[in-house]
Amino acid sequence: MAKIRRNEKREMPALNTSSLPDIIFMLLFFFMSVTSMKEVTYKVQFQSPQATELTKLEKKSLVRYIYVGTPTAEFRKQYGAETRIQLDDAFADKSEIGEYIINERSAMKEQDQGLMTVSIKADKETRMGIIADIKQELRRAYALKISYAATQRTSY
Amino acid sequence: MAKKIPQINASSMADISFLLLIFFLVTTSMDVNQGLARRLPAPIPPDQKVEDTDINKRNLLVVKINSANQLMVQGMEMDVKQLRAKAKEFILNVNDDPSLPKLFEEDFGAPIGVLKYTKEHVISVQNDVDTQYQAYLNVQNELVAAYNELRDECARKYFHKGYNELDEDQQKQIQKIYPQKISEAEPKNYGN
């Protein structure tokens, strides 16, 4: 016998959202693996130069960075618009590079010390004088593996 | 009838993971760390006298970049786009040209055999204090590209594979034929 349900209201069935967290987590893991944490807050601004013969820096823990560029707007009043060097979170003089490299290297594991790479992240407009100074300092500190940070050039 | 277990309300889970996602989006940067890998020469000990390394003129390719980012190769002005071909010609010296580096014959082992190569060639890059970083990097890039192309050609000829697909020993074999010899002098002022 067929029943006729008159009294029951026709409600929209609730949408099952139990898989939504999983989807979002997947997105989260994707971004975590693809991106890298910012190493420092930049006090200098720079635009990477372009090149084609690039190699990826393999182990992050073995890489130290030297930033070269003009101070960002908030520091311009204090430091002027001259090209400056940034080590870790602070402006530095080129004479401090050697000490910084040696300190960083001695903090590494002994078997890794020879594999340390220094990545020079400099603005493409930088004059070579300052880069050459940095290179001399790195030579003196025996940090001979360097990498000029650059982005892939798509066309000439 | 079994007792029904009340379902845990998981609707806020999505919000929590969204928060996490946004946090990571904000704190991370997308750019991959890549760059032009180079090796600096070891420092000269202060007590050691700087000796003039005697390099035969034919073994030397001088690339100068001035403060206006103009290029001069072997005393002639040149565009950076032509540098790669010039460098390759210099490194190879196919026709045993007396003005290009001297050829040496050496046995490189299994699939390669005896080959003539320019053992003593040196490419010297000299830049001005005021040279732009991008111009300097362009030159370095072209020179590295010249070596990479030569190595790749060699790998394809003898191993029928690209240079990057070879194993370490094979790569070393090829590196012996085309050793990267890019020397950088201390920067000087070349006027203007």
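Look a little higher up for the structure.
Given the structure is predicted, the values throughout are model-derived calculations rather than measurements.

Rules behind the numbers
Residues numbered from 1 in each chain as written. Chains lettered and ligands numbered in written order. Predicted model: local features only at pLDDT ≥ 70, side-chain atom pairs only at ≥ 80, totals over all residues. Helix = DSSP H or I, 4+ residues; strand = E, 2+ residues; numbered from the N terminus. Rg over C-alpha atoms; globule rule 2.2 N^0.38 Å. Contact = placed C-beta atoms within 7 Å. Pairing = 2+ DSSP bridges. Axes fitted to C-alpha atoms, helices over the stretch in contact; angles between N-to-C directions. Buried ≥ 20, exposed ≤ 12 C-beta atoms within 10 Å, placed from the backbone.

## Considering the overall build of chain A
Each helix and strand counted, chain A has 4 helices and 10 strands in total. Starting at the N terminus, the α and β elements of chain A follow one another as α-β-β-β-β-β-α-β-β-α-β-α-β-β. Taking 156 residues into account, the globule formula puts the C-alpha radius of gyration at 15 Å, and chain A, at 26 Å, lies well above it. Considered along the principal axes of its C-alpha atoms, chain A spans approximately 95 × 45 × 35 Å. Once local pairs closer than 6 in sequence are excluded, the contacts in chain A between residues at least 24 apart make up 76%.

## Some thoughts on the sheet that holds strand S5 (residues 76-78) of chain B
Residue and element names in this part refer to chain B. The strand order across the open sheet formed by 5 strands is S5-S4-S3-S8-S9, and the pairing between neighbours is mixed. Two strands in the sheet have a free side with no partner beyond their single neighbour: S5 and strand S9 (182-184). Sheet twist, expressed as the average angle between the axes of neighbouring strands with direction ignored, equals 30°. When strand S4 (residues 71-73) meets S5, the two strands line up antiparallel, connected through 3 bridges. Paired with Met72 across the strands is Glu77, a residue of S5.

## Considerations on the environment of Thr52(A)
If you trace the backbone, Thr52(A) turns up in the loop between strand S3 (50-51) and strand S4 (55-56). Residues Thr52(A) and Thr154(A), spaced 102 residues apart in sequence, show a C-alpha to C-alpha distance of 8.0 Å. If we skip the residues at most four places from it in the chain, Thr52(A) touches Gln152(A), Arg153(A), Asn141(B) and Ala145(B).

## Some points on the interface of chain A and chain B
With 46 residues of chain A at the contact, the number on the chain B side is 42 residues. Going through the elements one at a time, helix H1 (20-34), strand S1 (36-37), S4, strand S8 (117-122), helix H4 (128-140) and strand S9 (145-149) of chain A are the ones with two or more residues in the side of chain A that touches chain B. Across 2 bridges, the pairing between S4(A) and strand S2 (residues 34-39) of chain B is antiparallel. Counterpart to Lys56(A) in the pairing with S2(B) is Gln34(B).

## Focus on unusual backbone geometry
Unusually for a residue other than glycine, Tyr142(A) sits at a positive phi of about 60°. Residue position: Tyr142(A) is located in the loop between H4 and S9. Here Tyr142(A) falls in the partly exposed class, since 16 other C-beta atoms lie within 10 Å of it. The residue His160(B) is not glycine, and still its phi comes out positive at about 55°. If you trace the backbone, His160(B) turns up in the loop between helix H3 (133-159) and helix H4 (168-177).

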